Amino acid sequence: MGSTASGKNGTWRNWGGNVSARPAREVTPASVEELADAVRKAAEDGLRVKAVGTGHSFTSIAATDGVLIRPQLLTGIRNIDRDAMTVTVEAGTPLKRLNMALAREGLSLANMGDIMEQTVSGATSTGTHGTGRESGSIAAQIRGLELVTADGSVLSCSEKENPEVFAAARTGLGALGIVTAITFAVEPVFLLTAREEPMPLDKVLADFDELWAENEHFEFYWFPHTGSTNTKRNNRSAGPEKPVPQLQGWIEDEFLSNGVFQVAQWVGRAAPATIPAIARISSKALSARTYTDIPYKVFTSPRRVRFVEMEYAVPREAVTETLRELKAVIERSGLRVSFPVEVRTAPADDITLSTASGRDSAYIAVHMVKGTPYQAYFTAAERIFTAHEGRPHWGKVHTRDAEYLAGVYPRFGEFTALRDRLDPERLFQNDYLRRVLGS
């Protein structure tokens, strides 16, 4: 996955290509002080402010016609505290850089998502997660953070310092201020054994509770128009380390999962009638494999095929029923879906607007390749997800508004009251936040 870029005439576009904006000006601060000055100057000029990382959100959560803050100079590790087992990192640091730096220090995050191109602040602010029976999202691993608020002051937050801000700002949507540093809990680097294997969808759904309970990290991909899935089980291992051989890894992760898959997507986009046949072939392209490696090499994988995505968190106990309904809708609607559906889980957490706030959750993600009409598919999927009190991923396509979200987040009012206190003039407002949080 590449990062975001500015196009012609100062136009900013996200990675998926479905969101663009033309900010009045862009600022790339080299220090927290410079960022705070940029916030104060924007307020004086009557301009809104948004920070953007690598543009991997599919919503307009970072779009602005005001001042766009780019944090790419605010990178690197500030401090490692081996007694507390924490690491403090600048907010613009890409997860890839953090993961590699931690590995060199013999440390690791407990859990992570399946890509690592995003900045740490962008990933946590939108609720990026992986899959886990007991270990939660990246934001759930935060032990402290630093925030520049609307008046340009710098606020330190943790369970003991400004705890009400800490409860919300770990997944703050960019609505409370601009995160400038994050302190994560870490642990000594460990090994994971990944077991990937095809499995019939009916068996996965029938055995889902057992598969979830028996594995620290379980996820699967279902190929629409087929009864096939590819499952992945990650569990801690005593070793020895046994990574995927380099040539095999290139063939499976680059040539098949990216190269051949990209061609298949092009064919499907040009000739939608071929998609069911392509899906049947694709579902059989990857064979079973088992390997053991350090966490970020197991959790994450390259994603080079560009797409647009919708993802909802539903109560974990509703996941199999939700998937059966989605399968039935696809089969009877005539929709042609060329991208696998991804299913993951997370335990309940205590973050105000985390998609797993207060309830054990399962995530169902639907995708369409970039350039393909996705509205009919996503609308049908969203109707199912919302019937199960689904919570949309803050960084992925959805149509929900503040009225709906207040009904599925018990602490929604707590977040908006805090926003009223920290940003009464709505310096960090944009159209997306107006829709999902209200004015």
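Residues numbered from 1 in each chain as written. Predicted model: local features only at pLDDT ≥ 70, side-chain atom pairs only at ≥ 80, totals over all residues. Heavy atoms only, no water.

Student: Break down the side chain of Thr180 for me, with residues and values.
Tutor: The residue Thr180 is located in strand β12 (residues 178-185) in this model. Judged by relative accessible area, Thr180 falls into the buried class, the value being 0%. Contacts of Thr180, omitting those with residues within four sequence positions, involve Val32, Leu35, Arg78, Glu90, Ala91, Glu146, Leu147 and Val148. (Helix = DSSP H or I, 4+ residues; strand = E, 2+ residues; numbered from the N terminus. Buried < 20%, exposed > 50% of the residue type's maximum accessible area, 1.4 Å probe, protein only. Contact = heavy atoms within 4.5 Å.)

Student: Any chance you could break down the sheet that holds strand β5 (residues 49-51) for me, citing the residues and the numbers?
Tutor: In space, the 3 strands of this open sheet follow the order β4-β6-β5, with parallel pairing throughout. The open sheet has two edge strands, β4 (25-27) and β5, and neither has a second partner. Geometrically, the sheet is characterised by an average inter-axis angle of 25° between neighbouring strands, direction not taken into account. Relative to strand β6 (residues 67-69), β4 runs parallel, the two being bridged by 3 bridges. Residue pairing for β6: Glu26 is matched across the bridge by Leu68. (Pairing = 2+ DSSP bridges. Axes fitted to C-alpha atoms, helices over the stretch in contact; angles between N-to-C directions.)

Student: Quick rundown of the pattern of salt bridges? Include the residues and the values.
Tutor: One pass over the structure, following the stated rule, counts 28 salt bridges. For Glu196, the salt bridge goes to Arg289, with nearest N and O atoms at 2.8 Å. Taken as a pair, Glu196 in strand β14 (residues 191-200) and Arg289 in strand β17 (residues 289-293) lie far apart in primary sequence, 93 residues in all. Comparing Glu196 with Arg289 shows no difference in burial state: the two are buried. Its salt-bridge partner being Glu197, residue Arg233 comes within 2.2 Å of it at the nearest N-O pair. Of this pair, Arg233 sits in strand β16 (residues 228-237) while Glu197 is found in strand β14, placing the two residues 36 residues apart along the sequence. We classify Glu197 as buried; its relative accessible area is 19%. Each of Asp114, Glu309, Glu311, Glu342, Arg344 and Lys396 takes part in salt bridges that share partners, so that together they form one network. (Salt bridge = Lys/Arg side-chain N within 4 Å of Asp/Glu carboxyl O.)

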